[in-house]
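# Survey of secondary and tertiary structure
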Amino acid sequence: MEERTFLALMVFSSLVILAETIAQKHAIEIYSLHVDCKVTSRFAHTVITSKIVNRANESREATFEVELPKTAFITNFSMSIDGKVYPGIIKEKASAQKEYDTAVSHGQSAGLVKITGRKLEQFHVSVSIAAASKVTFELMYEELLKRQLGKFELLIKVRPKQLVKHFQIDVHIFEPQGIRFLETDSTFMTNELTEGLTKVQNETKAHILFKPTVDQQKINPELDETLLNGDFVVRYDVKRDVTAGDIQIVNGYFVHYFAPHEMPVFPKNVIFVIDRSGSMAGRKIEQTRDALLKVLQDLRPEDHFSFITFNNKVAEWKSSLLQATAENVASAAGFVQTLSASGGTDINRALLTAVSVLDKSERLPERSVSMIILLTDGQPTSGESNVEVIQENIQKAVNGKYALFCLGFGFDVSYKFLEKMALSNGGIARRIYENADAALQLQGFYQEVATPILMKIEMQYPENAVEGLTKNNFRLFFEGSEIIVSGKISNELDLLPVEIKAQSHASDLTLKEEANVKEKEQVFQNQSYIFGNFIERLWAYLTIQQLLEKSISAQEEEQKTLEAQALELSLRFSFVTPLTSMVVTKPAGQQQTELANKPTEADNEKLSSFPTGDAYRLRSGSPPGRWRSEPQSGSNKKLSSVVVRLRDKIRAQPLANEYPQLLLQLPKQNEIICLNTDGKAQPSVHLLSDPEQGLTVMGKLGDRINHFVQFEITYVNPPARIHVSTGEIVLSHNNESSQLPWTKSATSTIQGLRVSVEKERSVTASLSDTVTVKVSFVKFPDGFLGLYFLNTDRFSDKVSGILGQFYSQAQFENNSNINQRGDERLLSVSGSEHKVTRQYKKDYRLESTSDPVSCWSIDVTP
């Protein structure tokens, strides 16, 4: 009983409700969780309602933590405690920041929205509720579903971590064009759970209901553990009979969907520009090779292609583009298999070379689409390294002739740099996540752009009868996607004419359509699926998205204007966008203000530079001390007072002048740990073991320096051992040994275990479906080794060791007494609490030692 009284319980509720049963089992009970989603003509309106009761005899903390699509805008949030409602208020970001700064100055903490994966971001708020009290959380968000590869996808994350008496997901779909196909999928469905899933569908409507009983939710009849853990996905597409698309009208606003199909595909002239710098060594270059081999098989015989690879040097596979004949594709496959990684990163010269090859190419199809696809995992370090100069050089060289697509591999890239460069040259940017399926991500992106069927598309409407028109000129249209245009119609208009002009592979096209305004509006009369003026909200959503995208590549003055327009719409329609924030004030006595911002993909990166001027600000949702360089404009120009205080505090400290012994990033958390251990008294330190991965790592500290100088990496399958020291690398297998010196780059493979040495820099050990081990060689001042891991999501729950325990049993604690200044926190590791402090250390993972890493420092004893 004393143990149960002593322990604490935290519950994470909603789509992702992390319920920890540390005290009385489910003392805080989620007795109802309802996800209600209405999709009307691709526009989805989702309401998540979670009801919780505190069955303990004392106050407990409940945390509402929802994972929602990155493309969604939060529109409303409230929490109701014993009948009293605490709403979230959406404000201009600068205004909300002031309110938050005031809270911070009084020692209060801030909530945040952060990116949690390639498709999702997390909304988080917590509140303390008294014994026997109830709290209801309600979150609303809206998104316009994007058609990719011939289908729309609605993603709902489900992870309550406890059995829920009343659990229900409702998805209502209304598509006036007609539903062509509809399917549901999930990562957790079993035969028992399938019994709780029903689907009703007619020509234009569908209702999907997932309402499992408590017994159906159980992993085992004897255990109170839930099966609900993963993705619930609805995919569908609509019928398309009209060649000029479909026009829908509600209350004076229209939306026009255009997605032609079964048209001839343009031949492509594509140059793949592939980064082979040292940071691509190991798993990245392997996955790149795998993806390119698959992409080569997808080339059409009429396509032309070539490769340019680069590190600090640029190499052309061929001097001109080759037609994708079987012979040329086979030759290219042989070349791809030889790709290896070493050296720096000269992005500028590589892209200029690609443009030059396209400019000089002859005998290409007259009607064809030319594109450059760049894949890089880092920032420019060789040749021209000023990103603004590079962007200017590439835009001038491309000059509107070709489309540039930029793929950023991992989190060492400057996504903002790649995104601006792509958008300025008729393409898009995409982040490739360093997971097991990275090769599939690369292939998936290529499939999206592999079938261009229209170019130079103009969607024309009567100028004097339509206002607020969204983007209506498009450079390319790819099979399986969709063009969407929206605007406001004047009151006097009875007929809305539209004319579409475009170029196809065969000829120039002109398509015409005329929509009867009254007839179109009657389609949506008395529809229970409709939520308010949904087309007006769709128009606002689409306009904001396009204004923000356009501002990325705009000059400063135009950028201010575009952001001001987007801000006005965000506030008018109550959207949490990158320009607005939601402020949630908690009940009296708790003295906390939560601030929810909308992160961008560029925010989803680790620290890459240190502030040196006034044009820097604290990253939204980051802990104090984590900085991101960002030019300011408009209302964001001035630094808030709290940021100034933090900046001055950091500047008053000396720059990071030492390396940590060990460095790791906590799984699923944007937090880095710098670990130090006194292992000199031991011949070796047990750093990590994972029986399911078949991996063990031991380390040895130097006699004269307090850093590691040896690592022993042991694999079960294949049975192999890698001994890494500052002098050499030794591979042992079946009683045989081979040496790999640090003085040159080399690769050795043992039954699928690939060991790659980057000259005097690092060694990487990678094995399919296994965590990648990387050891950096830091030569100055004293010569030591730095260990870190990639693909850490592959560690099992059984991972252990001085370092391994952090990958399975580490969690930051909420403690109001510790977190007053923001530079101290409590970290629970393997049941023990440690006070950690924020420090700046040199990052041995990076080639450049001038950029410090902000980390939580902890000392542990072996």
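Residues numbered from 1 in each chain as written. Predicted model: local features only at pLDDT ≥ 70, side-chain atom pairs only at ≥ 80, totals over all residues. Heavy atoms only, no water.

## Remarks on the overall build of the protein chain
Operational definition: We count a stretch as a helix when DSSP gives it H or I for four or more residues in a row; a strand needs E for two or more, and each element gets its number in order from the N terminus. Each residue's exposure class comes from its accessible area (1.4 Å probe, protein chains only) as a fraction of the maximum for that residue type: buried when under 20%, exposed when over 50%, partly exposed otherwise. In this analysis, two residues are considered to be in contact whenever any of their non-hydrogen atoms come within 4.5 Å of each other. Each accessible area value is a Shrake-Rupley result obtained with a 1.4 Å probe; residue values ignore everything except the protein chains displayed when judging cover.
Along its length, the protein chain carries 14 helices and 53 strands. Of all 862 residues assigned to the protein chain, the portion counted as buried reaches 57%. Sequence-distant contacts in the protein chain: of pairs separated by 6 or more residues, those separated by 24 or more amount to 66%. Accessible surface for the protein chain amounts to roughly 36,500 Å². Of this, 46% is attributable to carbon and sulfur atoms.

## Focus: the pattern of salt bridges
Note the following rule: Put simply, a salt bridge is a Lys or Arg side-chain nitrogen that is within 4 Å of an Asp or Glu carboxyl oxygen.
Taken as a whole, this structure holds 39 salt bridges when the rule is applied. In this structure, D703 and K700 form a salt bridge, with 4.0 Å as the shortest nitrogen-oxygen distance. Each of R42, R147, E175, R180, D237, R240 and E482 takes part in a single network of salt bridges with overlapping partners.

## A few points about the state of the cysteines
Stated precisely, the cut-off is as follows: Cysteine sulfurs are considered disulfide-paired once they come within 2.5 Å of each other.
Counted by the stated rule, this structure contains one disulfide. A sulfur-sulfur separation of 2.1 Å characterises the disulfide bridge that pairs C674 with C855. On the sign convention where negative means left-handed, the S-S torsion of about -110° between C674 and C855 marks this disulfide as left-handed. Taken together, the residues C674 in strand β38 (residues 672–677) and C855 in strand β53 (residues 852–860) connect sequence positions 181 residues apart. Grouping residues by exposure puts C674 and C855 together as buried.

## Examining the pairing of strand β9 (residues 134–144)
In plain terms, the rule: Two strands pair if DSSP finds at least two bridges between them.
Along β9, eight of the eleven residues are buried, which leaves the element largely enclosed by surrounding structure. Note: strand β5 (residues 73–81) against β9, eight bridges, orientation antiparallel. Bridge assignment links S80 to a residue of β9, and that residue is T136.

## Overview of empty space enclosed by the protein
Formally: Only protein atoms enter the 1 Å grid used here, on which a cavity is any set of points holding a 1.4 Å probe that cannot leave and a pocket is any open set flanked by protein within 12 Å on both sides along at least five of seven lines; residues with an atom within 4 Å of a point are listed as lining. Grid points are joined across faces, edges and corners, and a volume is the space filled by probe spheres set on the points. In the scheme used here, Gly and all other residues not listed as nonpolar or charged are polar, with Ala, Val, Leu, Ile, Met, Phe, Trp, Tyr, Cys and Pro taken as nonpolar and Asp, Glu, Lys and Arg as charged.
Counted under the stated rule, the structure contains five cavities of 30 Å³ or more. Here the largest cavity defines a volume of roughly 120 Å³. Lining of the largest cavity is provided by F272, I274, T288, A291, L292, V295, I373, L375, L407, L442, F445 and Y446. Those elements that provide at least two residues to the lining of the largest cavity are β20 (268–275), α5 (283–298), β24 (369–376) and α10 (438–449). No other element matches α5, which puts four residues into the lining of the largest cavity. Along the lines of polarity and charge, the residues of the lining of the largest cavity split into eleven nonpolar, one polar and no charged.

## Considering the environment of V357
As for its position among the elements, V357 is in helix α7 (residues 347–360). A relative accessible area of 3% means that V357 is categorised as buried. Linking V357 and I271, residues 86 residues apart in sequence, is a C-alpha distance of 8.6 Å. V357 has contacts with I271, I308, E316, S319, S320 and L321, leaving out every residue within four places of it along the chain.

## Brief notes about the sheet that holds strand β40 (residues 695–701)
Sheet strands associate in pairs through backbone hydrogen bonding, adopting either a parallel or an antiparallel arrangement. This is how the line gets drawn: Note on definitions: angles span 0 to 180 degrees between N-to-C directions of axes, and those axes are lines fitted to C-alpha atoms, for helices only across the stretch in contact.
Read from one edge of the open sheet, six strands run β39-β40-β41-β42-β43-β44, paired in antiparallel fashion. Strand pairing shows two members of the sheet lacking a second neighbour, β39 (685–690) and β44 (736–741), which therefore form its edges. Strand-to-strand twist in this sheet, taken as the mean axis angle between neighbours without regard to direction, amounts to 15°. Sheet analysis places strand β42 (residues 720–725) next to strand β43 (residues 728–733), joined by five bridges and oriented antiparallel.

## Points about the packing of α5 against α10
Counted only if it meets this: Handedness of a crossing is defined here by the sense of rotation of the near helix relative to the far one, left-handed for an anticlockwise turn of less than a right angle and right-handed for a clockwise turn.
Running from N to C, α5 and α10 cross one another at 30°; their axes reach a closest spacing of 8 Å. Here α5 and α10 pass one another in a crossing that is right-handed. On α10, the residues that touch Q287, T288, D290, A291, K294, V295 and D298 of α5 are A438, A439, L442, Q443, Y446 and Q447. Residues belonging to the contact of α5 with α10 are distributed by class as follows: six nonpolar, four polar and three charged.

## Some words on the packing of aromatic side chains
Quick note on the threshold: Pairs were defined over the aromatic rings of Phe, Tyr and Trp, the Trp ring being its six-membered one, requiring ring centres within 6.5 Å. Orientation was assigned from the angle between planes: stacked under 30 degrees, edge-to-face over 60, tilted for the rest.
Using the criterion set out here, one finds 37 aromatic pairs in the structure. Seen from their ring centres, F77 and F123 are 5.0 Å apart, and the 55° between their planes marks the pair as tilted. Note that F77 is positioned in strand β5 and F123 in strand β8 (residues 120–129), a separation of 46 residues in sequence. Of the two residues, F77 and F123, neither departs from the other in class, the shared state being buried. Note on F405 and F445: the rings are 5.8 Å apart at their centroids and 65° apart in plane angle, and the pair reads as edge-to-face.

## A look at the side chain of N676
Tracing the chain through its elements places N676 in strand β38. Using a relative accessible area of 17% as the deciding quantity, one classes N676 as buried. Filtering out sequence-adjacent residues up to four positions away, N676 remains in contact with P660, Q661, S857, I858, D859 and V860.

## A word on α7
What counts, and what does not: Multiplying 1.5 Å by the helix residue count minus one yields the expected span of that helix.
Taking 1.5 Å of rise per residue, the 14 residues of α7 would be expected to cover 20 Å, and the 20 Å separating its terminal C-alpha atoms lies within 8% of that figure. Taken together, the buried positions of α7 are I347, N348, A350, L351, T353, A354, V355, V357 and L358.

## What about the sheet that holds strand β18 (residues 246–250)?
With antiparallel pairing, four strands are arranged side by side in an open sheet as β18-β19-β30-β28. Where the open sheet ends on each side, the last strands, each with one partner, are β18 and β28 (466–467). Relative to strand β30 (residues 483–489), strand β19 (residues 253–258) is paired through six bridges, and the arrangement is antiparallel. Paired with V255 across the strands is S486, a residue of β30. This element, helix α12 (residues 534–552), spans β18, β19 and β30 of the sheet and lies at about 65° to β19.

## Description of the confidence of the model for the protein chain
Worth spelling out the cut-off: You can read pLDDT as the predictor saying how much it trusts each residue, on a scale of 0 to 100.
Averaged over the protein chain, the pLDDT score is 83; the fraction of residues at 70 or greater is 85%. Below a pLDDT of 50 lies the segment residues 1–24, which in the model reaches 87 contacts outside its immediate sequence neighbourhood of four places, other chains included. Confidence over residues 107–111 falls short of pLDDT 50; this stretch has 14 contacts with residues more than four positions distant or in other chains.

## A short note on the environment of E514
Looking at where E514 falls in the secondary structure, it is placed in strand β32 (residues 508–516). When its relative accessible area of 53% is taken as the criterion, E514 is described as exposed. Here the alpha-carbon distance between E514 and A244, two residues 270 residues apart in the chain, equals 9.5 Å.

## A look at α12
Given 3.6 residues per turn, any residue in an α-helix points the same way as the ones three and four places further on. Helix length check: α12, at 19 residues, gives a terminal C-alpha distance of 27 Å against a target of 27 Å (1.5 Å per residue), a fit within 8%. Within α12, 14 of the 19 residues are buried, which leaves it mostly tucked inside the rest of the structure.

## What about the environment of G699?
Checked against the element boundaries, G699 lands in strand β40. With relative accessibility at 3%, the residue G699 sits in the buried group. Along the chain, G699 and H723 lie 24 residues apart, while their C-alpha atoms are 9.9 Å from each other. Apart from the residues within four sequence positions on either side, G699 is in contact with S684, V685, L687, F708, Q710 and F711.

## As for unusual backbone geometry
The peptide bond linking N717 to P718 adopts the cis configuration, its omega dihedral lying at 5°. Mapped onto the elements of the fold, P718 is located in the loop between β41 (708–715) and β42. You will see that A132, though not glycine, has its phi angle at about 70°, which is positive. Topologically, A132 is positioned in the loop between β8 and β9. If you check the backbone angles, E262 has positive phi at about 55° while not being a glycine. You can see E262 is positioned in the loop between β19 and β20. The exposure class assigned to E262 is exposed, which follows from its relative accessible area of 73%.

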